[in-house]
Amino acid sequence: MLPGQQLIDFSWIGDHLGQIAERIGQHLELTILPVAIGFLIALVLSIWAVRQPIVYGPITAVTGVLYTIPSLAAFAVLIPITGLSLVSALIPLVSYTLLILVRSIVAGFRGVAPEVLEAAEGMGYTRTQRLIRVEFPLAVPMMIAGLRLATVTAIGLATVASIIGGDTFGGLGQLITEGLQTFFPTKYLLGAALSVVLAVSADVLFVQIERWITPWARAPGSAG
Amino acid sequence: MESSAGRAATVEFDQVSKRYGGSAKAGTPAAVNDLSLSIPAGRICVLVGPSGCGKTTSLKMVNRLIEPTSGRILLDGVDAAGRELTELRRGIGYVIQQTGLFPHQTVVENVGTVPRLLGWSGARIRERSEELLGLVGLDPAKYSRRFPSQLSGGERQRVGVARALAADPPIMLMDEPFGAVDPIVRERLQDEFLRLQEELAKTILFVTHDIDEAIKMGDLVAVFEIGGKVAQFGTPAELLASPASDFVARFVGTDRGLKRLALSRVADLTLHAAPTAVVGSDAGEARRRGLAASFQFVLLTDPANRPLGWIDAATLPESGPLTEALANPTSPFVNKRTTLKDALSLLLDSDVQVGIVTDRTGAVQGLVTVDMIAERMREGHIAPAYLVDAPPGAPADPAE
Ligand SMILES: Nc1ncnc2c1ncn2[C@@H]1O[C@H](COP(=O)(O)OP(=O)(O)OP(=O)(O)O)[C@@H](O)[C@H]1O
Ligand SMILES: [Mg+2]
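Residues numbered from 1 in each chain as written. Chains lettered and ligands numbered in written order. Predicted model: local features only at pLDDT ≥ 70, side-chain atom pairs only at ≥ 80, totals over all residues. Heavy atoms only, no water.

(A) Main features of helix α14 (residues 340-349) of chain B. Residues and elements named next belong to chain B. For α14, the complete set of buried residues consists of L340, A343, L344 and L347. Within α14, the buried residues cover an arc of 95° as seen down the axis, which keeps them to one side. Positive phi appears at D351, one or two residues downstream of α14, with a value of about 60°. (Buried < 20%, exposed > 50% of the residue type's maximum accessible area, 1.4 Å probe, protein only. Helix = DSSP H or I, 4+ residues; strand = E, 2+ residues; numbered from the N terminus. Arc of directions from axis to C-beta.)

Here it is as structure tokens:
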């Protein structure tokens, strides 16, 4: 912070709304893309693990290792391969969501009561029909719990991706980096505050989505 | 409206065995051992026996949730093993103790499950589902849109039954369908289901480990013993009158005689005529009539022939009208559908020898006495013979 400077320069914010909005958009992209891709991969892995329980151990082991790789290290490894591209940013972000998502999706599938599965089978559902119409909807609350956690994590990690994204797709992390480099607190405080706001909004959004698509889970004593 | 009646199929177990853990290991004890049963269309066959004797296993081999290790199961003469799996199952109603209702679907959606699988139109499914809810005693307006978690245990069981009936299957498999509710609700569900079955006349395989439920629900009862063998197969009356082995005798219990009473109803007795006198009629005439009979009481009734109470003929005046004030509190009331067991119990409870049989309007039809019930027990043939096409246990393979 330079001497004589205000901590937060509101007029700068007012003059740069367009740029701020663009950074928010980039940040959303850095969050939604990895969570969506991660969810699809995790869903496939989870269905595999539910059908063949023997693969669950190896899947969680591998995704667990991915989860522990520091993001900076991952970016450093990937830049020589995929360059300063969106792909380099997405690969680590996607791999961080996998452990959380696989665990919660598998827990969701396994939480479906055995008598419900038996009734479905006994009434003549095919395996695929049962998966889509019974197991999937009943696993939704756990899936959403996983998505909430994965999204909030991704919003945080996406700030680090500014290392790769820079001006092109750096998101709120880019605001923070620029603010720190130019000793301009307004920018980095704004970047940090907005990523918190994003995380909280995402959380609230998921709670609303869950209430909306699983009305049955709200009913009293929903265990039965 | 869909017709709910008249479709039933025969079910035949032909030397069916099931060994868990692979047929290769011949050493493993069989869960079901050489089971042969022939169940005529439209009857309730109860599989009863101690825990672990293979009842559930036998049931699940019918809709092939479990495949037999050997033997055949014939539905209307057709081997179930040769039929397409989902098509077979959609044609068999399936009710389980834990209901297995889909928690994420409303009651009406749950009931519509099989029709949906069969590709019925939405309107037809809805109409059928609501009809069925009514049939099992749940007001569609009140229950249709609820989720299973918003129902009591008894209501869930009813929805489970409605769901199994939805596509009007000729065969129903029911695995302890009323096992998870309290005795009072269970009894009501049993009674309602029997009434429903009078109309539907499905072929029903009904699993329970409660011998009283077996006797009440079954047209035929197969008593299983551990190791998946049938110890006896016959009507409830046969089981109670002549248990085939010590095991069966012990299983049906020492109170066999009383249980047999539960199989007969007041309607099976030849009732005594009641010595009635209408209120307001001549007391002297009633007195003379009462004193002339061996049983010197007169039953006072209102003009619609509904009983008001007993009068000892000896206490009646020689003349004047009969008034209600003369009558003593009456004996217990029974009707023609009351089982002899319940009738006897009522008589013993109220410490009298005579019960009054009334019809739906409350009018006197006759009298039942402890002696008549005792006489009936002595006669031995306590139950009406059920129609059993095949001799017990014998497979009636049309090919043979
Ligand atoms: N999937 C299975 N794998 C191995 N053994 C099994 C399996 N299912 C049942 N069994 C065994 O088969 C036997 C019969 O089981 P089944 O469930 O048919 O009994 P049941 O008569 O229905 O008992 P209950 O009244 O307790 O429900 C038991 O010894 C049981 O342990
Ligand atoms: Mg069982």
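(B) Main features of the packing of aromatic side chains. Counted according to the given criterion, the structure contains eight aromatic pairs over all chains. Each ring, one from A:Y67 and one from A:Y96, has its centre 6.4 Å from the other, and the planes form 80°; the classification is edge-to-face. Pair noted here: A:Y67 is in helix α3 (residues 56-68) and A:Y96 is in helix α5 (residues 86-110), with a separation of 29 residues, a long-range link. Its relative accessible area of 36% is what places A:Y67 among the partly exposed residues. The exposure class of A:Y96 is buried, given its relative accessible area of 6%. An aromatic cluster is present here, built from B:F178, B:F193 and B:F206 joined pairwise through their rings. A:R110 extends its terminal NZ or CZ atom over the ring of A:Y56, reaching a point 4.5 Å from the ring centre. Directly above the aromatic system of B:W120 lies the positively charged group of B:R124, at a separation of 3.8 Å from the ring centroid. (Phe/Tyr/Trp six-rings, centres within 6.5 Å; stacked < 30°, edge-to-face > 60°. Lys NZ or Arg CZ within 6 Å of the ring centre and 35° of its normal.)

(C) Representation of the sheet that holds strand β15 (residues 354-358) of chain B in the model. Residues and elements named next belong to chain B. Pairing is mixed in the open sheet, where three strands are placed in the order β14-β15-β16. Either end of the sheet is taken by a strand with one partner, and the two such strands are β14 (333-334) and β16 (364-369). Pairing between β14 and β15: two bridges, direction parallel. When the bridges of β15 are listed, F333 appears paired with I356. (Pairing = 2+ DSSP bridges.)

(D) Local environment of empty space enclosed by the protein. The full count for this structure, using the stated rule, is two cavities of 30 Å³ or more. A volume near 50 Å³ is recorded for the largest cavity. Contributing to the lining of the largest cavity are A:M123, B:R89, B:R90, B:I92, B:G93, B:Y94, B:V114, B:R163, B:A164, B:A167 and B:P169. Put simply, the second largest cavity is a space of about 30 Å³. Lining the second largest cavity are A:L93, A:Y96, A:T97, A:I100, A:A150, A:T153, A:A154 and A:L157. Where the lining of the second largest cavity is concerned, the elements lending two or more residues are α5 and α7 (127-158) of chain A. (1 Å grid on protein atoms, 1.4 Å probe; cavity = no way out; pocket = protein on both sides within 12 Å on 5 of 7 lines; lining within 4 Å. Points joined across faces, edges and corners; volume = space filled by probe spheres on them.)

(E) Layout of the domain arrangement of chain B. With domains assigned, chain B is organised as domain 1 (11-257) and domain 2 (266-387). One C-alpha centre belongs to domain 1 of chain B, the other to domain 2 of chain B; they are set 42 Å apart. (Domains from an automatic or database assignment.)

(F) Representation of the interface of chain A and chain B. On the chain B side, the residues contacting the 23 residues of chain A number 25 residues. Across the interface of chain A and chain B, roughly 2200 Å² is buried in total on both sides, 64% from carbon and sulfur atoms. The shortest N-O distance in the salt bridge between A:E121 and B:R89 comes to 3.8 Å. Summed over the shared surface of chain A and chain B, the result is six residue pairs in polar contact (both at pLDDT 80 or more). At the level of secondary structure, the elements contributing two or more residues to the side of chain A that touches chain B comprise α6 (114-122), α7 and α11 (215-218) of chain A. Ranked by the residues each element gives to the side of chain A that touches chain B, the list is headed by α6(A), at seven residues. Here the side of chain A that touches chain B is composed, by residue class, of twelve nonpolar, seven polar and four charged. (Contact = heavy atoms within 4.5 Å. Buried area = accessible area lost by both parts, 1.4 Å probe. Salt bridge = Lys/Arg side-chain N within 4 Å of Asp/Glu carboxyl O. Polar contact = N/O pair within 3.5 Å; in protein donor to acceptor, adjacent residues only side chain to side chain. Nonpolar A, V, L, I, M, F, W, Y, C, P; charged D, E, K, R; others polar.)

(G) Molecular detail of the sheet that holds strand β11 (residues 276-278) of chain B. Residue and element names in this part refer to chain B. Here we have three strands laid out as an open sheet, ordered β11-β12-β13, and mixed in their pairing. With one partner strand each, in any of the chains shown, β11 and β13 (307-312) form the two edges of the open sheet. The average angle at which neighbouring strand axes cross in this sheet is 35°, direction not considered. Pairing geometry for strand β12 (residues 297-301) and β13, over five bridges, is antiparallel. Residue pairing for β13: F297 is matched across the bridge by D312. (Axes fitted to C-alpha atoms, helices over the stretch in contact; angles between N-to-C directions.)

(H) Summary view of the site of ligand 1. All names here are of chain B. Within the structure, ligand 1 sits among Y20, A31, S51, G52, C53, G54, K55, T56, T57 and E176. Y20 places a side-chain nitrogen or oxygen 3.3 Å from a nitrogen atom of ligand 1. For ligand 1, whose free accessible area comes to 630 Å², the fraction covered by protein is 54%. Split into classes, the residues belonging to the shell around ligand 1 amount to three nonpolar, five polar and two charged. (Near = heavy atom within 4 Å. Areas by Shrake-Rupley, 256 points an atom, 1.4 Å probe, with all protein chains shown as cover.)

(I) A look at the pattern of salt bridges. Residue and element names in this part refer to chain A. Taken as a whole, this structure holds 21 salt bridges over all chains when the rule is applied. Note that R130 is salt-bridged to E135, the shortest N-O span being 3.3 Å. On the basis of relative accessible area, R130 is assigned to the buried category, the value being 14%. The exposure class assigned to E135 is buried, which follows from its relative accessible area of 8%. The network of salt bridges with shared partners includes R23, D167, E178 and K187.

(J) Inspection of the nonpolar core at higher detail. Residues and elements named next belong to chain B. Counting 45 residues, the largest nonpolar core has V46, V48, V161, M172, M174, F193 and F206 as the members making the most contacts within it. Apart from the residues within four sequence positions on either side, M174 is in contact with L59, V95, V161, F193, I204, L205, F206 and V207. Counting 32 residues, the second largest nonpolar core, distinct from the first, contains I39, L47, L65 and F224. (Core = buried A, V, L, I, M, F, W, Y, C linked by side-chain atoms within 4.5 Å.)

(K) Examining the layout of surface pockets more closely. Residues and elements named next belong to chain B. Of the volumes computed, that of the largest pocket is approximately 1200 Å³. Looking at the largest pocket, it is lined by 33 residues, and the ones nearest its centre are D191, L194, K216, R265 and T339. Those elements that place two or more of their residues in the lining of the largest pocket are α8 (183-200), α9 (211-217) and α14. No other element matches α8, which puts nine residues into the lining of the largest pocket. Considering only residue class, the lining of the largest pocket consists of nine nonpolar, seven polar and 17 charged. Taken domain by domain, the makeup of the lining of the largest pocket includes at least three residues from each of domain 1 (11-257) and domain 2 (266-387).

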